[in-house]
Amino acid sequence: MTGLSRARVARRIAAGAAYGGGGIGLAGAAAVGLLVAEAQLARRRVGNGTTPHVPNADGLYGAAYTVPGEPALRLTMLGDSTAAGQGVHRAGQTPGALLASGVAAIAERPVGLSTVAVPGACSDDLDRQVTRALADPSRVPDICVIMVGANDVTHRMPPTRSVRHLSSAVRRLRTAGAEVVVGTCPDLGSVEPVRQPLRWLARRASRQLAAAQTIGAVEQGGRTVSLGDLLGPEFSANPRELFGPDSYHPSAEGYATAAMAVLPTVCAALGLWPAEEERPDAARREGFLPVARAAAEAASEAGTEVTAAMPAGVRGPWALLKRRRRRRVTEAEPEPSTQPS
C-alpha cells in the first residue's frame, strides 16, 4: 500500500471514529475468516498475551536528583502488555522503568512512575485506565505514555472504535493537564510464529491502525511515535535477541529499543529537549505535512514522531513530522523505599 492510499484509509478511519462510524475493516471482509483461523493457530503457538505476571516497576527513579521543595515529575504508563512490560523478569527492564530513569537523567530531576496498563487490554479499556490515572486531582501526571493497538487487531475490534477510544483517552488526559505520547500499534507481521498470508495481512492492518491512531491522537493534542518498524525489520532480523521467551512479547533488549525511540519525544513534550532540536531538519526529511500524510509516513518508519503544528487549512490539520535521534537507555531500578511523588 502506498503512502497516499494509506493516508486516505487512515483519514477515513479517523473520520469514522470522530463521527460515530464503525464499518471500515482493517484488512477487508474477505480476509477476515482466513485472518482469524491463522491467528488462532499463531496464538496457540505463542500464547494470547494475557499472562498476568508483570514486574512491578512503580516507584521513584533518579532519587539522587531530589531537591527539597521541588516535586518529582510524574510519568504514567497506559495501554496493554507492551506498556506494562510483559515478557521480562526485572522491573528495571520494563519500558516504564527505562523511560522514567531516562527522563530523570536528562531532566536531572526524580521521576515517579505509575503503571495502569494491563496485559491483554484493548483500546476500550483506556477509559478505565484514564480514570485510574486521574483519580487524584492533586497528582495529575506530567506525562502519560500510551502503548496500545496490537490486541485491537488480533481481536478484530473495528478500527473506528479503536481510534475513538484512544482519541477520548488523549482528550481526557490533555484536558486534565497531562502531556501525552502514544506509541502506535506495532507491526504484528514481525511476530516470528505468524506465517503467510497472516503475516502480510497483520502488517497491513497494523500500519493502517497506526496511521489512524496518529491522526486521532494528534488532533486531540497528543504526540505519537511509530513503533511499527521497530517491531518489524529489527525484530525480524534479531528475533532471538529482541523477542522474549514466548516469541511474542519483546525481550529486555526489545523494550530498550522501543524506549530509546520514545524517550526523545517524551522529553520534548516535557520541554526538556534543546530548542534547536525542535526545528525541522531537512537533512533528516523532517517537515510540515497534512496530518494524514504525516501519519502514513510515520506508520512505515520506526521512531518517527508526529505532533500538531498549525491550524487546519483547506487540506485539513497539519502536523510536524520529526525523526529524532534516539537516546540510549539502560536498565535501572526504583528506590525500594520510596513511592511516586
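Undergrad: Tell me about unusual backbone geometry, and name the residues and values.
TA: Positioned with a positive phi, E108 is a non-glycine residue whose angle comes to about 50°. Tracing the backbone shows E108 in the loop between α4 (95-107) and β3 (111-115). A relative accessible area of 55% means that E108 is categorised as exposed. Even without being glycine, R156 reaches a positive phi, approximately 60°. Turning to its location among the elements, R156 is positioned in the loop between α6 (150-154) and α7 (159-176).

Undergrad: Could you give an account of the side chain of Q213, with specific residues and numbers?
TA: Among the secondary structure elements, Q213 is positioned in helix α8 (residues 198-219). We classify Q213 as buried; its relative accessible area is 0%. Here Q213 is in contact with V148, G149, V163, L166, T184, C185 and T224, once residues within four sequence places are set aside.

Undergrad: Pulling in residues and values, what's your account of the pairing of β3?
TA: Bridging between strand β1 (residues 59-61) and β3 involves 3 bridges; their strand directions are antiparallel. The residue of β3 that forms the bridge with L60 is G112. Here 5 bridges tie strand β2 (residues 73-79) to β3, and the two strands are oriented parallel to one another. Directly across from M77, in β3, lies its bridge partner T115.

Undergrad: Got a sec to walk through the pattern of salt bridges? Specific residues and values, please.
TA: Evaluated as defined, the whole model comprises 12 salt bridges. Linking R109 and E70 is a salt bridge whose minimum nitrogen-to-oxygen distance equals 3.4 Å. A residue pair is termed long-range when its members are at least 10 positions apart, and R109 in the loop between α4 and β3 and E70 in the loop between β1 and β2 qualify at 39 residues. The class for R109 is partly exposed, based on a relative accessible area of 23%. In this structure, the salt-bridge partner of R284 is D281, at a minimum N-O distance of 3.4 Å. On the accessibility criterion, D281 (25% relative accessible area) is partly exposed.

Quick notes on the rules
Residues numbered from 1 in each chain as written. Predicted model: local features only at pLDDT ≥ 70, side-chain atom pairs only at ≥ 80, totals over all residues. Heavy atoms only, no water. Helix = DSSP H or I, 4+ residues; strand = E, 2+ residues; numbered from the N terminus. Buried < 20%, exposed > 50% of the residue type's maximum accessible area, 1.4 Å probe, protein only. Contact = heavy atoms within 4.5 Å. Pairing = 2+ DSSP bridges. Salt bridge = Lys/Arg side-chain N within 4 Å of Asp/Glu carboxyl O.

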